[in-house]
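In case you want the letters, here they are:
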Amino acid sequence: GLSALWHVTSTWGQATLTGKQVKVGANQWLTLPLPVMQTQVALLWQKQKNQQWQVTLQQAQASSKWLNVSSQGTFRFLPSAWQRGQLSLHSKIVATHFDQAKRYYLPLSHLSAHARAFMEQALYRVPKMTLEVNVNGQLNRFPYQYGGGQATIGFDIPQIDTHPYPGWPLFQHVAVKGKY
């Protein structure tokens, strides 16, 4: 079940959401309801002396048998110009046991036969994958190709064993790291 705690005044507020054994409903990406073992979100907002507001995501976490997601960050803005607000956000996703994940995620029917074979041969056999997203800058300048902030996406797959395409060789113990 879920429980929530709210406290709100004209200059600040706090919200906490806690959940155990929650199911996220099936949709276009989830073929079955996804069981979430534990989730917790803690949010704080406060009006600053310069009339700016600061919203702080102190903690956002969710975990299932094969997926752990966590985020934290801040957003500072003037209500009249929130698009120019300053965002700082860090999120991390760690996925394991993809053999269990395929029961819930990605209905493979819309993928080509080769893509489905790759998913079966490589991704579902990956023991662990980590994805990190960092955003720091003015919201209206995202994705920051012309300055005003920085956004990075990093991923780490410590080991893949795959035969990606018929006629290709077998790749074993391949590590993949990337940063965009």
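Our subject is the structure listed above.
As the structure is a computational prediction, the values presented were derived from the model and not from experiment.

Caption draft 1: Examining the overall build of the protein more closely. Assigned secondary structure in the protein consists of two helices and nine strands. Across the protein, helices and strands are ordered from the amino to the carboxyl terminus as β-β-β-β-β-β-α-α-β-β-β. Taken over 180 residues, the protein has a buried fraction of 26%. A fraction of 45% describes how many contacts in the protein between residues 6 or more apart in sequence connect residues 24 or more apart. On the protein, roughly 11,800 Å² of surface is accessible, and the fraction owed to carbon and sulfur atoms is 57%.

Caption draft 2: Geometry of the side chain of Ser91. With respect to the helices and strands, Ser91 occurs in strand E6 (residues 86-96). Reaching out from Ser91, the side chain makes a polar contact with the side chain of Ser71 at a distance of 2.6 Å. Those residues in contact with Ser91 that lie beyond four places of it in its chain are Ser70, Ser71, Leu131, Glu132 and Val133.

Caption draft 3: Layout of the nonpolar core. Residues Ala15, Trp45, Trp53, Phe75, Phe77, Leu87, Val135 and Tyr144 constitute the largest nonpolar core, which totals eight residues. If near-sequence neighbours (up to four positions away) are discounted, Phe77 is found in contact with Gln52, Trp53, Val55, Trp82 and Gly85. Formed by five residues, the second largest nonpolar core is a distinct cluster that contains Phe98, Val126, Ile157 and Ile160.

Caption draft 4: Representation of the environment of Tyr180. Mapped onto the elements of the fold, Tyr180 is located in the segment after strand E9 (171-179). The exposed category is assigned to Tyr180, whose relative accessible area is 73%. As for Tyr180 and Thr152, which are separated by 28 residues in sequence, their C-alpha atoms are 5.4 Å apart. Beyond its immediate stretch of four places on either side in the chain, Tyr180 contacts Ala151, Thr152 and Ile153.

Caption draft 5: View of the layout of surface pockets. In this model, the second largest pocket occupies a volume close to 190 Å³. When contributions to the lining of the second largest pocket are tallied by element, the ones reaching two or more residues are strand E7 (128-138) and strand E8 (149-162). Counting residues per element, the lining of the second largest pocket draws most heavily on E8, which supplies three residues. Across the lining of the second largest pocket, the residue classes tally to eight nonpolar, two polar and no charged.

Analysis parameters
- Residues numbered from 1 in each chain as written.
- Predicted model: local features only at pLDDT ≥ 70, side-chain atom pairs only at ≥ 80, totals over all residues.
- Heavy atoms only, no water.
- Helix = DSSP H or I, 4+ residues; strand = E, 2+ residues; numbered from the N terminus.
- Buried < 20%, exposed > 50% of the residue type's maximum accessible area, 1.4 Å probe, protein only.
- Contact = heavy atoms within 4.5 Å.
- Areas by Shrake-Rupley, 256 points an atom, 1.4 Å probe, with all protein chains shown as cover.
- Polar contact = N/O pair within 3.5 Å; in protein donor to acceptor, adjacent residues only side chain to side chain.
- Core = buried A, V, L, I, M, F, W, Y, C linked by side-chain atoms within 4.5 Å.
- 1 Å grid on protein atoms, 1.4 Å probe; cavity = no way out; pocket = protein on both sides within 12 Å on 5 of 7 lines; lining within 4 Å.
- Points joined across faces, edges and corners; volume = space filled by probe spheres on them.
- Nonpolar A, V, L, I, M, F, W, Y, C, P; charged D, E, K, R; others polar.

These figures capture arrangement, not role.
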